[in-house]
Amino acid sequence: MRVVNVGLIGAGTVGCGVIKILNQNKEIIESRTGISLNLTKIADSDLNRKRPVKLPKRKVTKDARDLIKDNSIDIVIELVGGTTIAKDFVLESIKNGKHVVTANKALLAHHGKAIFAEAAKKGVEVGFEASVGGGIPIIKATQESYAANNILSIHGIMNGTSNYILSTMTEHGYEFEDVLKEAQEKGYAEADPSFDIDGVDAAHKLSILIMLSFGTFLNFDKIPVEGIRNITSLDIAYADELGYQIKLLAIAKSREDGLEAGVYPTLVKKGTQLADVSGAFNAIYVVGDAVGPTMLYGMGAGMMPTASAVVGDVIQIAKHLALENTHLTTPSPYGNKINSSLIKTSEITTKYYLRFQTADIPGILGKITSSLGKHNISIESVIQKSRHLGGGDVPIVIMTHEAKEKNLLSALKEISKFKAITGKTNFIRIEEL
Ligand code: HSE
């Protein structure tokens, strides 16, 4: 049987999942592929911490270079995370002629262009299925199954932690801060949890899907990103009353004049597929010009789902090695066909949910609506109830028809100067899917 040697850098949660799968599913992998995956070395800077699997002593090392430089290793799995040392490990492995499998979305979002260029130069593969949507096969789908399509749009719930927080707030009426701790305890969160709740992790993943779907390496810092810190249980209750749920969506839409892209909390209609994705689950809704709407759903985080995607990539590369056929997974841009310049958020047109905090005085609703009207924003519905916010303040909730964001921002600037406005206005975009 053909033997393919694999080295693993990073024996953390996902790394341990990889070790577990390679042990427990050895037979099924061998019978499906005719290949034996031989995990020959495992590198981790901390060999003493408690782990769900035992690391075989004769295989472990503290020095990742022991395996990067080992000529017998065919595939290096990088599960260190981050964009500093992980970048060195990946580039050094490629330079040493090794195929690489990584789950590192931050690394690819920031340095994907350089990594794929180096891989193409050396004729090696880079597998990155686990970088987006954990165990969901969205990378393979985008590279292969959707390859006949012009991708029209992507709407993804791609951060399990923030989806867990929003779902729990919706279900129990809790406030954001109370749920965050629980999500961290469940082990879904990034090392820096602000990446989860401020939308950065979802934006890393979005930039990878944009690279594959629209053939462009966006400058990551240019992607507009908003998180869920400002979402209150009050907004969730009003959204519910209006027939919506609040989700943190990563969105990319192809337009003639460019690419609309961003990560932000969004109202989605209850009963639609994305609205029903709850807990730490992820879902990616992709529309192609030939295939129409599709949705992939599954666990976007966690030890075994993410390890499943990592080992899937290792198997795919091992199969190519066995066939002596290097099948480059390097994304190839579409050339000039697609206009992928990023459209400014101020230029997008959508419907909005607005919540004003005002003093309970006569005439304030009229003043707000006339300012919106003056800026060409028409109103779909208004809710004003005596739900007191404390200090005699009341919320006014308005749903708009489609409006240009720059007009909305001008109106909100004008309204914020009214004496009766006593707090920051919360505005949330609405996506009709
Ligand atoms: N922190 C990420 C999440 C893990 O919550 O979805 C997977 O990237």
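As the structure is a computational prediction, the values presented were derived from the model and not from experiment.

Each value, and the rule that gives it
- Residues numbered from 1 in each chain as written.
- Predicted model: local features only at pLDDT ≥ 70, side-chain atom pairs only at ≥ 80, totals over all residues.
- Heavy atoms only, no water.
- Helix = DSSP H or I, 4+ residues; strand = E, 2+ residues; numbered from the N terminus.
- Buried < 20%, exposed > 50% of the residue type's maximum accessible area, 1.4 Å probe, protein only.
- Contact = heavy atoms within 4.5 Å.
- Polar contact = N/O pair within 3.5 Å; in protein donor to acceptor, adjacent residues only side chain to side chain.
- Near = heavy atom within 4 Å.
- Areas by Shrake-Rupley, 256 points an atom, 1.4 Å probe, with all protein chains shown as cover.
- Phe/Tyr/Trp six-rings, centres within 6.5 Å; stacked < 30°, edge-to-face > 60°.
- Lys NZ or Arg CZ within 6 Å of the ring centre and 35° of its normal.
- Pairing = 2+ DSSP bridges.
- Right-handed = clockwise from strand over helix to strand, strands pointing away.
- Salt bridge = Lys/Arg side-chain N within 4 Å of Asp/Glu carboxyl O.
- Axes fitted to C-alpha atoms, helices over the stretch in contact; angles between N-to-C directions.
- Parallel < 35°, antiparallel > 145°, perpendicular 65-115°, else oblique.
- Nonpolar A, V, L, I, M, F, W, Y, C, P; charged D, E, K, R; others polar.

Enquirer: Before we go on, may I ask you to explain the environment of Asp-70 in this structure?
Expert: By the element assignment, Asp-70 lies in the loop between helix H3 (65-68) and strand S4 (75-78). Looking at Asp-70, the relative accessible area reads 16%, which means it is buried. Those residues in contact with Asp-70 that sit more than four places away from it in its chain are Lys-41 and Lys-98. Of the polar contacts made by the side chain of Asp-70, one reaches the side chain of Ser-72; its length is 2.7 Å.

Enquirer: Sorry, what's going on with the site of the ligand here?
Expert: Lining the immediate surroundings of the ligand are Lys-105, Asn-159, Gly-160, Thr-161, Tyr-188, Ala-189, Glu-190, Asp-196, Asp-201, Lys-205, Gly-300 and Ala-301. Between an oxygen atom of the ligand and a main-chain N or O atom of Gly-160, the distance comes to 2.7 Å. Starting from 260 Å² of accessible surface for the ligand in isolation, the protein chains cover 91%. Broken down by secondary-structure element, the contributors of at least two residues to the shell around the ligand are helix H7 (160-172) and helix H10 (200-214).

Enquirer: Looking at this structure, how should I read helix H11 (residues 233-241)?
Expert: Given 3.6 residues to a turn, an α-helix orients residues that are three or four positions apart in the same direction. Ser-233, Leu-234, Asp-235, Ile-236, Tyr-238 and Ala-239 are the residues of H11 that are buried. Two residues or fewer after H11 comes Gly-243, characterised by a positive phi angle close to 95°.

Enquirer: Even after reading the chapter, I still don't get the packing of aromatic side chains, so can you show me in this structure?
Expert: To describe a pair of aromatic rings, one takes the distance between the centres and the angle between the planes. The tally for this structure, following the rule as stated, stands at 4 aromatic pairs. Ring geometry for Phe-116 versus Phe-217: centroids 6.4 Å apart, planes at 35°, classification tilted. Of the two residues, Phe-116 is situated in helix H5 (residues 105-122) and Phe-217 in the loop between H10 and H11; the sequence distance between them amounts to 101 residues. With relative accessibility at 2%, the residue Phe-116 sits in the buried group. Ring plane angle 5° and centroid distance 4.9 Å describe the contact between Phe-281 and Tyr-297, whose orientation is recorded as stacked. One end of the pair, Phe-281, is in strand S10 (residues 281-288); the other, Tyr-297, is in strand S11 (residues 292-299), and 16 residues separate them in sequence. A network of ring pairs unites the aromatic residues Phe-116, Phe-128 and Phe-217 as a single cluster. Geometry around Tyr-264 places Arg-429 over its ring, the cationic atom sitting 4.1 Å from the centre.

Enquirer: Sorry, what's going on with the pairing of strand S5 (residues 99-102) here?
Expert: Side-chain direction in a regular strand flips from residue to residue, so the side chains alternate between the two faces of the sheet. Burial along S5 is two-sided: His-99 and Val-101 and Val-100 and Thr-102, pointing in opposite directions, are all buried. Of the strand pairs in this sheet, S4 and S5 are connected by 4 bridges, and their pairing is parallel. Bridge assignment links Val-76 to a residue of S5, and that residue is Val-100. Taken together, S4, helix H4 (residues 85-95) and S5 form a β-α-β motif whose crossover is right-handed. Here 2 bridges tie S5 to strand S6 (residues 126-127), and the two strands are oriented parallel to one another.

Enquirer: Sorry, what's going on with the pattern of salt bridges here?
Expert: For side chains bearing opposite charge, pairing can occur when the charged atoms are close. Taken as a whole and judged by the stated rule, the model has 24 salt bridges. For Lys-253, the salt bridge is made with Glu-260, and the minimal N-O distance between the two is 3.8 Å. The structure contains a network of salt bridges with shared partners spanning Lys-253, Arg-255, Asp-257, Glu-260 and Glu-431.

Enquirer: In this structure, what is going on with unusual backbone geometry? I would like to understand it.
Expert: A negative phi angle is the norm for most residues apart from glycine, just as the trans form is the norm for most peptide bonds. At Asn-376, a position not held by glycine, the phi torsion is positive, near 70°. Inspection of the secondary structure puts Asn-376 in the loop between helix H13 (364-374) and strand S13 (379-384). Note on Asn-376: relative accessible area 63%, which makes it exposed.

Enquirer: Help me understand the packing of H4 against H5, please; the structure alone is not making it clear to me.
Expert: Angle between the axes and distance between the axes: these two values describe a pair of packed helices. Packing of H4 against H5 brings their axes to within 9 Å, and their N-to-C directions diverge by 10°. Classified by the interaxial angle, the pair formed by H4 and H5 is roughly parallel. Every residue of H5 that contacts H4 at Ala-86, Lys-87, Val-90, Leu-91, Ile-94 and Lys-95 is listed here: Leu-107, His-111, Ala-114, Ile-115, Glu-118, Ala-119 and Lys-122. Partitioning the contact of H4 with H5 into residue classes produces 8 nonpolar, 1 polar and 4 charged.

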